[in-house]
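The residues making up each chain are set out below.
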Amino acid sequence: MAHVSLSTSLGDLGLRTPLIAASGTVGGVWEWAEIADVSRYGAAVAKSASPTPWAGRPAPRVAPTEVGMLNGIGIQNPGIEKWTGVMEPRISGTAVPIWGSAVAGDADGFALVAKDLDSAGVTAVEVNLSCPNLEDGEMFSFSASRSRQVIESVSAAVGLPVGAKLSPNTPDIVGVAAACAEAGADFLVLTNTALGFGLSIRDRMPLLSGGVGGYSGPGLKPISLRCVYEVSRALPGIPIVGCGGVVHGRDVVEYLVAGASAVEAGTIHLAEPRAGSRIIRELEREMRRLGAETVHEIVGTVGEW
Ligand SMILES: Cc1cc2nc3c(=O)[nH]c(=O)nc-3n(C[C@H](O)[C@H](O)[C@H](O)COP(=O)(O)O)c2cc1C
């Protein structure tokens, strides 16, 4: 059987496989690593951390939909100081590179969190410009100038690779992606959850306490794939991590062929925390079927009619 090499890279950042566990779906990574075979992942992203503790939204804050789910957690987290206290002693002993994820209300707050994540020993920092559950409404990634400001400030604060995580609802996603790349982002994560809403007809109430929340799972895949496809064609120089609706190895292949160099899986971990071993087995099978021996050779190979 032909050998398949799964290693890939995001610029200078090497990954042993293209599969990454998405932020908010594997906790602080270390506790999930006690039950999952994390050696199958290239990296895992810890839950987003903010400058001060955030209480998050009241229940109900997760709800299933016919396909996928809604969440409105509101980035509940203990704040970066506490985060660092728990994570720092555990990062080097966890068998997968851990990325941090920064969230804040302004550029200085993002930089402060990123600096602390860097000191704690994470391998890369994701900048969450796309959380749909913030009280002040507009996401950073809706604006090229606000996104640019945050990425400039984070890039100046840390020496680590910096990724900008954008919303699929971003108007002009290519323009915002270009602003992030110019501001110093080393890679883009496309995408976060899409804005979504659900209600109970019996109660005449929204499914989530916050009303509108983030939609994730298989139904998100074509929406995020569109973002990967368009951004990779418009900005071929910036590495992309696809994210949205990954359940099977073939979903990973679709993102790679559309132009991503790595792929995050989120919601699947809530139902199947050990999904990584299966996804990687399926990915190897799909690559053999395609006659591909390396990840690199299939990235961005989608043709035109
Ligand atoms: C319960 C839940 C919590 C999440 N929390 C975060 C978070 O803290 N930071 C973040 O950047 N993304 C967060 N996300 C978004 C995921 O990382 C991912 O981008 C999104 O769910 C799409 O991928 P999926 O369809 O594979 O789940 C969360 C998603 C879910 C379902």
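Here's what I pulled together on the structure shown here. (Residues numbered from 1 in each chain as written. Predicted model: local features only at pLDDT ≥ 70, side-chain atom pairs only at ≥ 80, totals over all residues. Heavy atoms only, no water.)

**Here's the deal with the site of the ligand**
To be explicit about the condition: Being near a molecule or strand, for a residue, means having at least one of its heavy atoms within 4 Å of it. Areas reported here follow the Shrake-Rupley algorithm with a probe of radius 1.4 Å; residue values treat only the protein chains shown as occluding. In the cavity and pocket records, a cavity denotes points on a 1 Å grid over the protein atoms alone where a 1.4 Å probe fits but cannot get out, a pocket denotes an open set with protein on both sides within 12 Å along at least 5 of 7 lines, and lining residues are residues with an atom within 4 Å of a point. A molecule is counted as occupying a cavity or pocket when more than half of its atoms fall within 2 Å of that pocket's grid points. Ten residue types, Ala, Val, Leu, Ile, Met, Phe, Trp, Tyr, Cys and Pro, are classed as nonpolar, four, Asp, Glu, Lys and Arg, as charged, and the remainder, Gly among them, as polar.
Around the ligand, the structure places 22 residues, and the nearest of them are Ser23, Ser48, Gly245, Gly266 and Thr267. Out of a free accessible area of 610 Å², the ligand has 96% covered by protein chains. Among the detected pockets, the ligand sits in the largest pocket. Grouping the constituent residues of the shell around the ligand by class yields five nonpolar, 15 polar and two charged.

**Considerations on the sheet that holds strand β11 (residues 194–196)**
The test is simple: Two strands pair if DSSP finds at least two bridges between them. Under the DSSP-based scheme used, a helix requires at least four consecutive residues in state H or I and a strand at least two consecutive residues in state E, with every element numbered from the N terminus. Geometry is summarised by axes, namely lines fitted to C-alpha atoms with helices restricted to the contacting stretch, and by angles between N-to-C directions that run from 0 to 180 degrees.
One open sheet holds the four strands; their spatial order is β5-β6-β14-β11, and the pairing between them is antiparallel. At either end of the open sheet lies a strand with only one pairing partner, and these are β5 (62–64) and β11. This sheet shows a mean twist of 35 degrees between the axes of neighbouring strands, independent of strand direction. Across three bridges, the pairing between strand β6 (residues 69–71) and strand β14 (residues 213–216) is antiparallel. Residue pairing across strands places Leu70 opposite Tyr215, the latter belonging to β14.

**Re the packing of aromatic side chains**
Put simply, the rule reads: Working definition: a ring pair exists when centres of Phe, Tyr or Trp rings (six-membered ring for Trp) sit within 6.5 Å. Plane angles under 30 degrees give stacked, over 60 give edge-to-face, the rest tilted. Only protein chains enter the area calculation, which uses a 1.4 Å probe; residues under 20% of their type maximum are buried, those over 50% are exposed, and those in between are partly exposed. In this scheme, Lys NZ or Arg CZ marks a charge over a ring once it lies within 6 Å of the ring centre and within 35 degrees of the ring normal.
Tallying each qualifying case throughout the model produces three aromatic pairs. Consider the rings of Trp32 and Tyr41, whose centres lie 5.0 Å apart with planes at 80 degrees: the pair is edge-to-face. When sorted by exposure, Trp32 lands in the same class as Tyr41, which is buried. Between Phe110 and Phe140, the aromatic rings sit 5.2 Å apart at their centres with planes inclined by 90 degrees, giving edge-to-face as the arrangement. Remark: Phe140 occurs in the loop between β8 (125–128) and α3 (144–157) and Phe110 occurs in helix α2 (residues 107–120); sequence separation between them is 30 residues. Overall, Phe110 belongs to the buried group, its relative accessible area being 0%. When its relative accessible area of 7% is taken as the criterion, Phe140 is described as buried. Lying across the ring of Trp30, Arg90 places its NZ or CZ 4.0 Å from the centre. For the cation-ring pair, Arg146 lies above Phe140, with the distance from its terminal atom to the ring centre recorded as 4.3 Å.

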